[in-house]
Amino acid sequence: MSNLKISQQASEVAIQNFKNKELVKKSIALAFERTNTTVFNIENLIEDVLREFKHKDIELITKAIKNGSLGLYGKTYKLSTQEVCIWIREYQKELDKLEKSKSYANPYDGQY
């Protein structure tokens, strides 16, 4: 029975990985369109991004790609893996700043 449980868990992980890859693929495809960049081997870009940010939430990754492709982090002259990674890091910085500002907004909140 324990083998069945492991197989089910492995199957669920594989399904989630597939879904994540598809979400990132759609985001990257839109980014190519928005930045008017010629599409190159999108599979390698997706694999690199998912490997680099394996501990990040998939929603954070797709939101960062959307923001970057819409120009929030500056003009993109050529879409690349490096550019997408920069977008994700910039978005994470924004979230970190927001979280930090919330903690400073009321340092005594909940500490009575």
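You'll find the structure just up there.
Residues numbered from 1 in each chain as written. Predicted model: local features only at pLDDT ≥ 70, side-chain atom pairs only at ≥ 80, totals over all residues. Heavy atoms only, no water.

Participant: Honestly, the environment of Leu95 in this entry has me stumped. Any pointers?
Facilitator: Note that Leu95 resides in helix H4 (residues 81–105). Along the primary structure Leu95 and Leu60 are separated by 35 residues, whereas in three dimensions their C-alpha atoms are 9.5 Å apart. (Helix = DSSP H or I, 4+ residues; strand = E, 2+ residues; numbered from the N terminus.)

Participant: Any chance you could explain the pattern of salt bridges here in plain terms?
Facilitator: Charged atoms that come close allow side chains of opposite charge to pair. Inspection of the entire model under this criterion finds six salt bridges. Here Glu90 makes a salt bridge to Lys93, at a shortest N to O gap of 3.2 Å. Within this pair, Glu90 and its partner Lys93 are both found in helix H4, separated by three residues, close to a single helical turn. The class of Lys93 is partly exposed, set by a relative accessible area of 45%. Among the ionic contacts, a cluster of salt bridges with common partners joins Lys21, Lys25, Glu43 and Glu47. (Salt bridge = Lys/Arg side-chain N within 4 Å of Asp/Glu carboxyl O. Buried < 20%, exposed > 50% of the residue type's maximum accessible area, 1.4 Å probe, protein only.)

Participant: Just checking my understanding: could you explain the nonpolar core for this structure?
Facilitator: Generally speaking, nonpolar side chains in soluble globular proteins are found buried as a group. Judged by nonpolar contacts, the single largest core of 21 residues is most densely connected at Ile28, Val49, Ile61, Ile65, Val84 and Ile88. For this core, the secondary-structure elements that each account for two or more residues are helix H1 (2–34), helix H2 (42–52), helix H3 (58–69) and H4. Every residue in contact with Ile61, bar those within four places of it in the chain, is listed here: Val24, Val49, Phe53, Lys56 and Ile88. (Core = buried A, V, L, I, M, F, W, Y, C linked by side-chain atoms within 4.5 Å. Contact = heavy atoms within 4.5 Å.)

Participant: Please clarify how H3 should be interpreted in this entry.
Facilitator: For an α-helix, the turn length of 3.6 residues means that residues three or four places apart are oriented alike. Taking 1.5 Å as the rise per residue, H3 with 12 residues should run 16 Å; its terminal C-alpha atoms sit 17 Å apart, in good agreement. Within H3, nine of the 12 residues are buried, which leaves the element mostly enclosed by the surrounding structure. Two to three positions downstream of the cap, the backbone nitrogen of Glu59 sits 3.1 Å from a side-chain oxygen, assigning the N-cap of H3 to Asp57. Remark: Gly71 follows H3 within two positions and exhibits a positive phi of approximately 95°. (Expected span 1.5 Å × (residues − 1). Polar contact = N/O pair within 3.5 Å; in protein donor to acceptor, adjacent residues only side chain to side chain.)

Participant: Honestly, the packing of aromatic side chains in this entry has me stumped. Any pointers?
Facilitator: Any aromatic ring pair is given by two values, namely how distant the centres are and how the planes are angled relative to each other. For the structure on display, the rule yields one aromatic pair. Consider the rings of Phe32 and Phe40, whose centres lie 5.3 Å apart with planes at 85°: the pair is edge-to-face. A relative accessible area of 2% means that Phe32 is categorised as buried. The class for Phe40 is partly exposed, based on a relative accessible area of 37%. (Phe/Tyr/Trp six-rings, centres within 6.5 Å; stacked < 30°, edge-to-face > 60°.)

Participant: Whenever I open this one, H2 confuses me. Can you help?
Facilitator: Turning to H2, its buried residues are Ile42, Leu45, Ile46 and Val49. All buried residues of H2 project into a common sector of 95° when viewed along the axis, lining one side. For H2, the N-terminal cap is Asn41; the gap from its side-chain oxygen to the backbone nitrogen of Glu43 is 3.2 Å. (Arc of directions from axis to C-beta.)

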